[in-house]
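Residues per chain are reported as follows:
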Amino acid sequence: MDGTKQSGLVKFKDNLFTVKDSLLGSFIRSGAPTSDRSRTAIMFNNFFLHVQTVKTHINTLRPSYTLGMGLIALFLMIIAFISGIFLMVYYNPSIENAFNSVKDINFVVSGGKLMRNVHKWSGEAMIIFVLFHMTRVFYTSSYLRGREFNWLIGIVLLVLTFLLNLTGYMLPWDQLSYWALVIVANIIAAPLEMTDIMGVTKYFDIGGISKELFLGGLVPGKEALNRVYLFHIMLLPAAILIILGVHFWRIRKDGGLTRPDKFDRKDTDTTYITPPDKTGDIFPTYKTYGLMELAKGKTPAVDNDVENTVLSWPNLLIAELAVMMFTLAAVVAYSFYIDAPLKELANPAIPENPAKAPWYFLGLQELVGYSAFMGGQGIPMAALLGLALIPFLDRESEHTGIWFSNKQGLTVTIISFIVGTVGLIGTLAFTIQYGWFRNWWPNIPQIVIVMINPGTIWLGFVMIWSLATIKITGSTRMGAIALFTIFLVSYIILTYTGTVLRGPNWDFFWSQSEWPIH
């Protein structure tokens, strides 16, 4: 009996000393990643890592190909979500307490100001890098060869990213957020312009109904703040996470990131990859083939071998870790020196002049100045539709995985950039200097203003330029490049104009120092 007790105590002692190894082994069931087989197993068996492939193509790891834009956008989202959870602890979503709770976060809560800055700037930087990522995907033709659906998913994620930031912008309930809420509500009510023209508003006021549903009433108040808060902390994050999961899943199913048909390894590749040691019997020196089944359908992964690939552990994980640390350091450093704005408590009786939406919607607000309906809804919907149709109207996939497709693509990009810049600046300069139809003919029918204004004329020019490029080059890919390039140029110029060059009463000023003093 004593021997049995002694044996049991010895076993307990041994188990106690091996708790660390046993606990670690229960998480990493394949053991330490010391061979190709164990490195493969750790990627395949880990819940958080298995979303990525066991092997990664070298082209994916080249910094010059992806530029890390998608990863940076992902890590910015994670930073924004984590910092947002911290802010939720202290924020009070009521019009009586929202502003004071944000002031407390800034000036009372230890580290609160930095955390709010991190949340603010990581969210807005996410917009920039989602656009950068989308730009990289487009210019490398990564929306082709079965990836058309994922391009549409990316557009949805872009829109959700804008909306997530917009709803967060409205939560402090200061002058900036309140009047931004008013502007957004008026844009939602933009169909009122068309129903008034048609004389059906009293029967079918879709603009007024939409605005009232958004605000929970006729004017911004507690109902509107509650709706915005619900969208910001629950509905939009949930939608982003679900659709982002579909986005990653499609990347896996579509055979990973795109790469050129003809891929040549470079000597510089060895500076950022670790070739496999070819142990563990997963890199045999011979190949065997067997027919397992016949399957109907097409997939980008068919007929692609594993040449020019390396193990994702550690190559891909090291790259991701480096990007994550760089992103976090950049956000914290920027947030340490630049504070998120917070103005006076919202006062409906004292409007901001100029009352502006957040900067990423100021291009839209610039267009609204010409026509509420076309600028606020018509032109943006046309732009999104044009972007969504690109993969289905451009089917030239022979240059997939190559920046700008070829030299002709780079030339078209440069020319379209110049044409778009000069053309749009000229259009804005003419409008600012000479006005438009309403300034020339005060009694002109409103329908003419809606259908013919600087925004619609510019949209028509972009379409004509894209079609002309297709006709001249004989390539739908070149037409797509022309269209997308001018889209980017237009967004940047309109955003800059609304942010920097528009002052009180939405008048034009070269700088804020020229604003009239009240």
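The structure under discussion appears in the preceding block.
So, here's what we can say about the structure.

Check the secondary structure of the protein and you find 21 helices and two strands. Overall, the C-alpha framework of the protein stretches about 100 × 65 × 45 Å when taken along its three principal axes. Taken over 518 residues, the protein has a buried fraction of 42%. Sequence-distant contacts in the protein: of pairs separated by 6 or more residues, those separated by 24 or more amount to 79%. Taken as a whole, the protein presents about 28700 Å² of accessible surface, with 68% of it coming from carbon and sulfur.

This structure, assessed with the given rule, holds seven salt bridges. Residue Asp339 is joined to Lys113 by a salt bridge in which the shortest nitrogen-to-oxygen separation is 3.8 Å. Taken together, the positions of Asp339 in the loop between helix H14 (312-337) and helix H15 (362-368) and Lys113 in helix H8 (residues 112-139) put the pair 226 residues apart, joining distant regions of the chain. On the accessibility criterion, Asp339 (40% relative accessible area) is partly exposed. Lys113 gets classed as partly exposed once you look at its relative accessible area, which sits at 29%.

The next subject is a nonpolar patch on the surface. The grouping of Leu114, Leu328, Val332, Tyr334, Phe336, Tyr337 and Ile338 at the surface amounts to a nonpolar patch, some 700 Å² of accessible area in total. No other element matches H14, which puts five residues into the nonpolar patch. Structurally, the position occupied by Leu328 is in helix H14. What makes Leu328 partly exposed here is its relative accessible area of 38%.

Okay, the environment of Asp261 next. Secondary-structure assignment places Asp261 in the loop between helix H13 (222-253) and strand E2 (309-311). Taking C-alpha positions, Asp261 is 16 Å from Arg395, a pair spaced 134 residues apart along the chain. When sequence neighbours within four positions are dropped, the list of residues in contact with Asp261 reads Arg145, Glu398 and Thr400. At 2.6 Å, the side chain of Asp261 and the side chain of Arg145 are in polar contact.

This model, assessed by the stated rule, comprises 33 aromatic pairs. Geometrically, the ring pair formed by Trp436 and Trp440 is tilted, given 5.8 Å between the ring centres and 45 degrees between the ring planes. Accessibility expressed as a relative area gives 14% for Trp436, which makes it buried. Judged by its relative accessible area of 34%, Trp440 falls in the partly exposed class. An aromatic cluster is built from Phe138, Tyr139, Tyr143, Trp151, Trp403, Phe404, Phe484 and Phe487, whose rings are joined through pairwise contacts. The cationic tip of Arg477 hangs over the ring face of Phe138; the distance from NZ or CZ to the ring centre is 4.9 Å.

So, on to unusual backbone geometry. Here the residue pair Trp313 and Pro314 is connected by a cis peptide bond, since its omega of 5 degrees sits within 30 degrees of zero. Relative to the helices and strands, Pro314 is located in helix H14. The backbone of Ser141 sits at a positive phi, close to 55 degrees, despite the residue not being glycine. Looking at the element boundaries, Ser141 is found in the loop between H8 and helix H9 (148-169).

Calculation criteria
Residues numbered from 1 in each chain as written. Predicted model: local features only at pLDDT ≥ 70, side-chain atom pairs only at ≥ 80, totals over all residues. Heavy atoms only, no water. Helix = DSSP H or I, 4+ residues; strand = E, 2+ residues; numbered from the N terminus. Buried < 20%, exposed > 50% of the residue type's maximum accessible area, 1.4 Å probe, protein only. Contact = heavy atoms within 4.5 Å. Areas by Shrake-Rupley, 256 points an atom, 1.4 Å probe, with all protein chains shown as cover. Salt bridge = Lys/Arg side-chain N within 4 Å of Asp/Glu carboxyl O. Patch = residues over 30% accessible without salt bridge, like charges linked within 9 Å, V, L, I, M, F, W, Y side chains within 5 Å. Polar contact = N/O pair within 3.5 Å; in protein donor to acceptor, adjacent residues only side chain to side chain. Phe/Tyr/Trp six-rings, centres within 6.5 Å; stacked < 30°, edge-to-face > 60°. Lys NZ or Arg CZ within 6 Å of the ring centre and 35° of its normal.

Keep in mind these numbers describe shape, not what the thing actually does.
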